[in-house]
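# Understanding the architecture of this molecule
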Amino acid sequence: MILIDQTAPAAGLAPETASADALAADALARRLDGEIGTHEKLEDRIRIIKDAIPGRVAFSSSLGIEDQAVTHAIATTGAGIDIFTLDTGRHFSETYDTLFETEGRYGTKIRVMYPDAKEVEELVDSDGIYGFRYSVESRKACCDIRKVRPLNRALAGASGWITGLRREQSQGRAHVPFATYDPVQNLIKLNPIADWSLGQLESYIAANKIPINALHAQGFPSIGCQPCTRAIQPGEDIRAGRWWWENENGKECGLHSRNRPAAN
Ligand code: SF4
């Protein structure tokens with residue numbers, strides 16, 4: 001992967017050990033991190049991402065409200081970004097309805113990635129159908145097989161990875177940058193709505209009549225797998241309904257941790 005602009009020093013990488021491509025990607029990520037937020041419109045942010053990054057840019061959509069906004073901007077700008085979603089096999093039926101409705105609305109196919117069937121069979125054989133309830137390790141193993149590994153396969157060879165992360169979503173996401181170089185995947189991770197408030201997001205959804213998961217109106221601000229997601233009460237943290245039986249610290253599935261395992 002050849003990336004542009006090697007003029008700026010790479011803050012996050014050791015120049016003596018990093019490759020020239022990695023240093024270039026790191027420099028480009030830092031330039032985009034400063035530039036994306038200067039554009040108010042999401043469509044403009046998507047355009048500068050696509051224009052700046054050579055090679056394939058992929059967007060991982062969970063089909064949640066944030067990602068539906070990003071899908072809308074990608075579809076309406078015709079930016080040629082690869083949109084995919086991860087079917088863990090444990091989703092709500094409303095999530096599949098959202099996938100169907102979104103493809104119809106935008107006349108586009110969303111690539112669906114599945115976990116390896118043998119790995120799922122071995123996991124369930126070992127831990128049981130609700131094994132993820134019994135220990136954090138089992139839960140992480142389930143997320144790894146059903147989410148992280150398919151994600152890594154989907155991102156293999158990509159130069160850029162767009163997400164719908166917002167800083168407001170949780171304390172753990174409070175410092176999400178607009179762009180950063182991911183040395184594990186050797187790509188630039190981009191979060192074009194990192195600075196959006198929930199109010200901004202909902203206004204964008206309403207103004208553009210974007211289809212969203214029906215569960216959002218039933219107390220589910222964050223929607224993951226059905227057995228691991230519940231509705232929240234007024235005043236609760238946005239992600240309080242995810243893996244609610246676990247300690248608040250580290251309630252992530254591994255998709256957005258910088259040191260997640262490489263693709264299998
Ligand atoms: S969210 Fe729950 S069901 Fe889904 S992959 Fe993670 S542990 Fe498994």
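Use the structure listed above.
The structure displayed is predicted, hence computed values, not measured ones.

Next up on the list: the sheet that holds strand E3 (residues 111–113). One open sheet accounts for six strands, arranged E3-E2-E1-E4-E6-E5; its pairing is mixed. Unpaired on one side and paired on the other, E3 and strand E5 (179–182) mark the two borders of the sheet. In this sheet, neighbouring strand axes are inclined to one another by 30 degrees on average, regardless of whether the strands run parallel or antiparallel. Here strand E1 (residues 57–60) runs beside strand E4 (residues 160–162); their pairing, made up of three bridges, is parallel.

Turning to the site of the ligand, a few remarks are in order. Taken together, 13 residues form the shell around the ligand, and within it Phe132, Cys142, Cys143, Cys225 and Cys228 come nearest. Looking at the shell around the ligand, its residues break down into seven nonpolar, two polar and four charged.

Another point: helix H4 (residues 93–106). Relative to the 20 Å expected for 14 residues at 1.5 Å per residue, H4 spans 20 Å between its end C-alpha atoms, a close match to the ideal helical length. Looking at H4, one finds that the buried residues are Thr95, Thr98 and Thr102. Around the axis of H4, the buried residues are gathered within 50 degrees of arc, so they sit on the same side. Turned more than 90 degrees from where H4 packs its buried face, Ser93, Phe100 and Gly104 sit exposed. On its buried face, H4 is in contact with helix H3 (65–77). Gly107 sits one or two positions beyond H4 and adopts a positive phi of about 60 degrees.

Turning next to helix H6 (residues 136–155). Maximum bend of H6: about 45 degrees, positioned at Asp144. Among the residues trailing H6, Gly157 stands out with phi positive, at a value near 85 degrees.

A few words now on the packing of H3 against helix H7 (residues 198–207). H7 packs onto H3 with a crossing angle of 50 degrees between their chain directions and a minimal axis gap of 10 Å. Looking at the two axes, H3 sits oblique to H7. Crossing of H3 over H7 shows left-handed handedness. The segment H3 lies against H7, with Ile65, Glu66, Gln68 and Ala69 engaging Leu201, Tyr204 and Ile205. Grouping the constituent residues of the contact of H3 with H7 by class yields five nonpolar, one polar and one charged.

Conventions we followed
Residues numbered from 1 in each chain as written. Predicted model: local features only at pLDDT ≥ 70, side-chain atom pairs only at ≥ 80, totals over all residues. Pairing = 2+ DSSP bridges. Helix = DSSP H or I, 4+ residues; strand = E, 2+ residues; numbered from the N terminus. Axes fitted to C-alpha atoms, helices over the stretch in contact; angles between N-to-C directions. Near = placed C-beta within 6 Å. Nonpolar A, V, L, I, M, F, W, Y, C, P; charged D, E, K, R; others polar. Expected span 1.5 Å × (residues − 1). Buried ≥ 20, exposed ≤ 12 C-beta atoms within 10 Å, placed from the backbone. Arc of directions from axis to C-beta. Contact = placed C-beta atoms within 7 Å. Bend = angle between axes of the 7 residues up to and from the residue. Parallel < 35°, antiparallel > 145°, perpendicular 65-115°, else oblique. Left-handed = near helix turned anticlockwise from the far one by under 90°.

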